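# Architecture and fold: a report
Here's the letter readout for the chains.
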Amino acid sequence: MPGAERERVESFGHPEDGLYDATPWYHWGPYLSERAWGTVREDYSADGEAWTSFPHDHARSRAYRWGEDGMGGVSDVGQNLCLALALWNGRDPILKERMFGLTGPEGNHGEDVKEYWWFLDALPSHAWLHWRYHYPQAEFPYAALLAENAQRDHTQPEFELMDTGVFDEDRYWVVDVVHAKADPHDLLMEVRVTNAGPDKATLHVLPQLWFRNTWSWDVGAAKPSLAQSGPSQVTAQHPRFGELEWELAPGPDGAAPELVFCDNDTNTRRLYGSADGTAYAKDGISDHVVGGAPTVNPDRVGTKSAAWYRLTVAPGETQVVRVRLRPATPATPATPATSATPAPSPAFGPEFDAVLEQRRAEADEFYGEVIPPDVDDDARLVARQAFAGMIWGKQFYCYDVKRWLQGDPTQPPPPPERRTGRNATWLNLDARDILSMPDPWEYPWFAAWDMAFHTVALSHVDPAFAKYQLLVLCREWFQNPNGALPAYEWSFSDTNPPVHAWAALHVWDIDGRRDTDFLARLMPKLLMNFTWWVNRMDPEGDHLFGGGFLGLDNISAIDRSHLPPGGRLEQADGTTWMAFYSLTLLEIAVILAEKDDAWTDIEVKFIEHFVLIVDAMHSQGLWDETDGFFYDVFHSSDGETVPIKVRSIVGVLPLMGTVIIGPELLATIQTLQKRFTGFLGQDSSAAAPDYGRVVPVPGTDAVALGVVPPGAVRRVLSRVFDEGEFLSPYGLRALSKYHLDHPLWVELAGSRVVVDYEPAESRTGMFGGNSNWRGPVWMPVNYLVLRNLQRYARSLGAAGEVEYPTGSGHTQTLGECTEDLRGRLISLFTRGADGRRPCHGWVDKMQHDPRWRDNVTFNEYFHGDNGAGLGASHQTGWTGLVADLICRPDPFAGDRRAWDL
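Residues numbered from 1 in each chain as written. Predicted model: local features only at pLDDT ≥ 70, side-chain atom pairs only at ≥ 80, totals over all residues. Heavy atoms only, no water.

In the nomenclature of an unreviewed UniProt entry, the protein corresponds to Glycosyl hydrolase family 63 from the organism Humibacillus xanthopallidus.

Pasting the structure below:
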């Protein structure tokens, strides 16, 4: 990492202090969400239908309570002041201030954004940020997108913006936004507009500066102000900042932009028919620009402002708009020329150019060190854009659940149903943090297990922020007093897979294995969470765990979060997660015990718990010896036991539960009961189970221990590596392709249900129809299986040869198999021999057009057969793990003794 960037990101400050006390370089960043409407936080309805409570049509007119949204924007760390872009093509009925998409009920496969934009570059200090958007020159087809998708059902593909024809003949604008910092508080913004079409056209470009509404919710709250203070200058006054100057460069034609102002207050006249609403409401600038309405303040003051540029651009031409936000320059006193007071630097000109060039060069230098030199140019491009998406995914998240439930003093009280509704048991949750979001439009709220995956990629570029993400969810303003971690905004009480400890180990490793204090700070809270799992998710006390859908949504034959009355589900994945959790906590305890012997007892505790769980999985029916696979088992109220024999990733995940135990820990284990020493093969007199799962590590005195017995690993892998089952050209499918020709029918609680292979979007409405675990490739579970197979491959060495792919007659070491699997996952994004990126699917324009083909999106999941990107289109979060796969081929290669126990 180059020195300047290292200084910026490593002076983060102690994570518990929060971002407000972080290095000044974090003070401004891409914290502005891309969607704040349709979220739980903004839902004050009785029925909890967030999408209808605050629809897109309200977004331009209604003040947000908890956060702001915008395009290509930045804000301060507390999101008091926001800077973003608005556009108007002269035809749209509204100003383009935010990305448009369908709500969950409107889409035939759930919610879905209907725009094209990309995060092309970013530095973790936010000293350099690059965003690109393609905006149609024709009227944006809002109504057509709604109508066509409404008439399609789950068996049909989504109707996308490209399908409407608005990009035909290249009649669109390429809009590039760059943010650069001259210093931590001096923000430069450049907007480059290119006319991709065949004719001269006009685009209205409106950089916007506004205050988040913090004054409408409390009696007597202070209200900040924006006011024109010069021909091309706006002064911002805020109690936190003092005085800032927003300076606007002349347009390409040399003319100064028109400055317009309104207030970031709700237009109660438009939305509710109120006669006494403000005359200059939040949508005042939009109404004025589009329709000429007298809805901007003639006194040129307010809490929302815009600089209105009108650009007429020839075909292929690029024009530029520049603005700058920085602290106000003190008035120069009337003193002699020899005064020490420095003259203010010009806002624009050579200095502006120099800052942009310097920050661009620093970004090149930074990624030149982050991405290994042997990575080819195309994979380097993919990794860099993945890292950029991770950085752009840092979002301001504000949500005081108690206040949300009770309502604000100046607003109508929420309906009484809220007091016992969503998140009512999470009164401790009071967040004002910068968090890593799964997708800033589709999922503009944190999810616990998503965030854990995010940290693995983030730790390559911003390890301090990665650690903060893992620590903050364990702080008292997030973690429930009962030990539960909040799952996600729609239901904090849902259960996400417990991957926090695993992620902490990877972050610690990537960061040089030096910050053991980080693990020590995290461990007590993880112990609380582990205890919560044991107490809440194992109601029978048989060491078999549930947990509901556990992030895998519709993977099963039944809705695992809403079982038939009286039914109980023993989950192969829920139980595997707890075995995995035991092993990762064991690994952390071993690391901590090197400095503090007190952790030795914890080592013993988690070996014991791991053995109990694995014994239960095999002795109580989750392992099917005939099939050589793990399945969920349903217990009905009348005592019937029904295995749910779906060949899914649920049965593959047990491969994660592998650990290498060295001689020192083996010696400690000798102090355990004979039951456990026998299990580990350390006491020949002990009655060991009849399924051994311990294998010596070749050339060492260590052993490998796993959920799947060594003798059964090949049986499981024969399915995993079968191209007719799990192995696709682009990774592992979530559901075996076997079910394409062999659908599974299950008789359950008086109902007959079916599971079959669905390689693309879900054909069922379960979980809103916006997620499909019945065939597509998902990066997070692929990543977990791959990394743990790499560990297992190390324990077997050359002795671990398997047939790969199954049925091919070709054998190779498990290490070679995992390297091929890694390559398949990376190839989702890189150009193949035919020049196509599989993630771009069948859209030729995205595959071959120079303005599209190298703009990579990191979708939520991918078609199980052809690799096309599906689901959320900017799910850089966990899909950003591809950057780690590119930069860190095998964490366990070479002398990696720190991974051994």
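Now, onward.
### Considering unusual backbone geometry
Backbone torsion omega between tyrosine 804 and proline 805 reads -15°, so that peptide bond is classified as cis. As for its placement among the helices and strands, proline 805 is situated in the loop between strand S32 (801-803) and strand S33 (811-813). Residues other than glycine seldom take positive phi values, yet glutamate 169 does so here, at roughly 60°. Note that glutamate 169 resides in the loop between helix H4 (142-151) and strand S8 (172-183). Located in the positive-phi region is arginine 300, a residue other than glycine, with phi close to 55°. (Helix = DSSP H or I, 4+ residues; strand = E, 2+ residues; numbered from the N terminus.)

### Re the UniProt feature "domain: Mannosylglycerate hydrolase MGH1-like glycoside hydrolase" (unreviewed entry) in the protein
On the UniProt side, "domain: Mannosylglycerate hydrolase MGH1-like glycoside hydrolase" (unreviewed entry) is annotated at positions that read residues 443-661 here. As annotated, residues 443-661 comprises 47% helix and 9% strand, and the C-alpha atoms at either end are separated by 39 Å. (UniProt positions renumbered as here; feature names shortened; annotations may be inferred.)

### So, the domain arrangement of the protein
Taken domain by domain, the protein consists of domain 1 (27-330), domain 2 (376-537) and domain 3 (540-575 + 586-759). Each of domain 2 and domain 3 has a C-alpha centre, and these two points are 26 Å apart. Tallying the contact residues gives 19 residues for domain 2 and 19 residues for domain 3. Overall, the association of domain 2 and domain 3 removes approximately 1,600 Å² of surface from exposure, summing both partners, and the carbon and sulfur fraction of that is 82%. Summed over the shared surface of domain 2 and domain 3, the number is 0 salt bridges. Linking domain 2 to domain 3 there are 1 residue pair in polar contact (both at pLDDT 80 or more). Elements supplying a minimum of two residues to the side of domain 2 that touches domain 3: helix H12 (500-510) and helix H13 (516-536). Looking at which element gives the most residues to the side of domain 2 that touches domain 3, the answer is H13, with 9 residues. A class-by-class count of the residues in the side of domain 2 that touches domain 3 yields 15 nonpolar, 3 polar and 1 charged. (Domains from an automatic or database assignment. Contact = heavy atoms within 4.5 Å. Buried area = accessible area lost by both parts, 1.4 Å probe. Salt bridge = Lys/Arg side-chain N within 4 Å of Asp/Glu carboxyl O. Polar contact = N/O pair within 3.5 Å; in protein donor to acceptor, adjacent residues only side chain to side chain. Nonpolar A, V, L, I, M, F, W, Y, C, P; charged D, E, K, R; others polar.)

### What about the pairing of strand S12 (residues 233-238)?
Taking burial as the measure, the 6 residues of S12 include 5 buried ones, the bulk of the element. Following strand S11 (residues 225-230), the chain reverses through 2 residues before pairing antiparallel with S12. In the sheet, S12 pairs with strand S13 (residues 242-248) via 6 bridges, with the strands oriented antiparallel. Note that in S13 the partner of glutamine 237 across the bridge is glutamate 243. The turn linking S12 back onto S13 is made up of 3 residues. (Buried < 20%, exposed > 50% of the residue type's maximum accessible area, 1.4 Å probe, protein only. Pairing = 2+ DSSP bridges.)

### Some thoughts on the confidence of the model for the protein
Per-residue pLDDT for the protein averages 90, and the proportion of residues at 70 or more is 91%. Here residues 11-20 is a poorly scored stretch, pLDDT under 50, and it has 28 contacts once near neighbours within four places are set aside; other chains count. Considering only residues more than four positions removed or in separate chains, one finds that residues 682-692, a stretch of pLDDT under 50, has 19 contacts. (pLDDT = per-residue confidence, 0-100.)

### Examining the sheet that holds strand S16 (residues 304-313)
What the 6 strands build is an open sheet, ordered S1-S2-S3-S10-S16-S14; its pairing is antiparallel. Every other strand in the sheet has two partners, leaving strand S1 (28-29) and strand S14 (258-262) as the edge strands with one partner each. Note that strand S2 (residues 71-76) and strand S3 (residues 81-88) share 3 bridges and pair antiparallel. What sits directly across from valine 74, in S3, is leucine 83.

### Description of the nonpolar core
Core analysis: the biggest nonpolar cluster contains 237 residues, and Trp131, Val205 and Phe829 have the highest contact counts within it. No other element matches the 15 residues that helix H14 (residues 572-593) contributes to this core. Those residues in contact with tryptophan 131 that lie beyond four places of it in its chain are Glu34, Met71, Gly72, Leu85, Met99, Trp117, Trp118, Phe119, Val175, Asp176, Val177 and Trp392. Residues Leu145, Val166, Phe167 and Trp852 belong to the second largest nonpolar core, which totals 19 residues. (Core = buried A, V, L, I, M, F, W, Y, C linked by side-chain atoms within 4.5 Å.)

### Regarding the packing of H12 against H13
Orientation of H12 relative to H13, taken along the N-to-C sense of each, is 180°, at an axis distance of 11 Å. Put simply, H12 runs roughly antiparallel to H13. Residues His500, Ala501, Ala504, Val507 and Trp508 of H12 lie in contact with H13, whose contacting residues are Thr516, Phe518, Leu519, Leu522 and Leu526. For the contact of H12 with H13, a count of residues per class yields 8 nonpolar, 2 polar and no charged. (Axes fitted to C-alpha atoms, helices over the stretch in contact; angles between N-to-C directions. Parallel < 35°, antiparallel > 145°, perpendicular 65-115°, else oblique.)

### Details of the layout of surface pockets
By volume, the largest pocket is sized at about 1,000 Å³. Elements with a minimum of two residues in the lining of the largest pocket: helix H2 (50-53), helix H9 (401-406) and helix H10 (448-461). In terms of residue class, the lining of the largest pocket is built from 18 nonpolar, 14 polar and 11 charged. In this structure, the second largest pocket encloses a volume near 810 Å³. Lining the second largest pocket are 39 residues; nearest its centre among them are Glu158, Glu160, Trp842, Gly869 and Leu870. (1 Å grid on protein atoms, 1.4 Å probe; cavity = no way out; pocket = protein on both sides within 12 Å on 5 of 7 lines; lining within 4 Å. Points joined across faces, edges and corners; volume = space filled by probe spheres on them.)

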